[in-house]
Amino acid sequence: QVQLVESGGGLVQAGGSLSLSCAASGRTFSRYAMGWFRQAPGKERESVAAISYNGGSTYYADSVKGRFTISRDNARSMVYLQMNSLKPEDTAVYYCASDRTRLRVGVSDSGNEYDFWGQGTQVTVSS
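Because the structure is predicted, anything quoted here is derived from the model rather than measured. (Residues numbered from 1 in each chain as written. Predicted model: local features only at pLDDT ≥ 70, side-chain atom pairs only at ≥ 80, totals over all residues. Heavy atoms only, no water.)

**Section: the layout of surface pockets**
Volume-wise, the largest pocket comes out at about 160 Å³. In terms of lining, the largest pocket is formed by 13 residues, of which the most central are Arg 38, Ala 40, Lys 43, Glu 46 and Glu 89. Here the lining of the largest pocket is composed, by residue class, of two nonpolar, three polar and eight charged. (1 Å grid on protein atoms, 1.4 Å probe; cavity = no way out; pocket = protein on both sides within 12 Å on 5 of 7 lines; lining within 4 Å. Points joined across faces, edges and corners; volume = space filled by probe spheres on them. Nonpolar A, V, L, I, M, F, W, Y, C, P; charged D, E, K, R; others polar.)

Below, the structure is given as structure tokens:
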């Protein structure tokens, strides 16, 4: 069973930065792409960023391009999301997720392609 534990959320003013971390355990981390998703109250879950199993490919939602950076450390089974220039509309619960396909070429932005999810961490950006 894969376990994903997010940390690093909190309250920040608009224009500020936060760094989210996700610790993974339970299967060979380095063989699976990872993604970050978010869900704001009353809205559907959306993909924020994803990174391939070897870090060679990344995906960013248009709304976060140039502000967020996803990275991973396969030696430590960790994935990170650095969030800069935060906006109130970034307020949401952020989830990390593990791809269901081993050694996928590229990344997917569809939540249906991820089979394990963390419990989420709240990010609140005040105006």
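**A short note on unusual backbone geometry**
Despite not being glycine, Ser 85 shows a phi value in the positive range, around 50 degrees. The class for Ser 85 is partly exposed, based on a relative accessible area of 41%. Positioned with a positive phi, Leu 103 is a non-glycine residue whose angle comes to about 55 degrees. Within the secondary structure layout, Leu 103 lies in the loop between strand S9 (92–102) and strand S10 (114–117). (Buried < 20%, exposed > 50% of the residue type's maximum accessible area, 1.4 Å probe, protein only. Helix = DSSP H or I, 4+ residues; strand = E, 2+ residues; numbered from the N terminus.)

**Some details on the packing of aromatic side chains**
Taken as a whole and judged by the stated rule, the model has three aromatic pairs. Here Phe 37 and Trp 117 contribute two aromatic rings whose centre-to-centre distance is 4.8 Å and whose plane-to-plane angle is 55 degrees, an arrangement assigned as tilted. Placement of Phe 37 in strand S4 (residues 32–39) and of Trp 117 in strand S10 is noted, with a sequence separation of 80 residues between them. Here the basic side chain of Arg 72 rests over the ring of Phe 29, its NZ or CZ set 4.3 Å away from the ring centre. (Phe/Tyr/Trp six-rings, centres within 6.5 Å; stacked < 30°, edge-to-face > 60°. Lys NZ or Arg CZ within 6 Å of the ring centre and 35° of its normal.)

**Considering the sheet that holds strand S7 (residues 68–73)**
The four strands lie next to each other as S1-S3-S8-S7, forming an open sheet whose pairing is antiparallel. Each edge of the open sheet carries a strand with a single partner, namely strand S1 (3–7) and S7. Across the sheet, the mean angle from the axis of one strand to that of its neighbour is 15 degrees, orientation sign disregarded. Taken together, the five bridges between S1 and strand S3 (residues 18–25) define a ladder with antiparallel strand orientation. (Pairing = 2+ DSSP bridges. Axes fitted to C-alpha atoms, helices over the stretch in contact; angles between N-to-C directions.)

**Digging into the pairing of strand S5 (residues 46–51)**
Burial runs high along S5: five of the six residues are buried. Bridge count between S4 and S5: five bridges; the pairing is antiparallel. Bridging across to S5, Gly 35 finds its partner in Ala 50. Between the end of S4 and the start of S5, which pair antiparallel, lie six residues, with Gly 42 showing a positive phi angle near 75 degrees. Here S5 pairs with strand S6 (residues 58–60) via three bridges, running antiparallel. Within the sheet, the bridge partner assigned to Ala 50 lies in S6 and is Tyr 59. Counting the residues between successive antiparallel strands, the hairpin from S5 to S6 contains six residues, one of them, Gly 55, with a positive phi of roughly 80 degrees.

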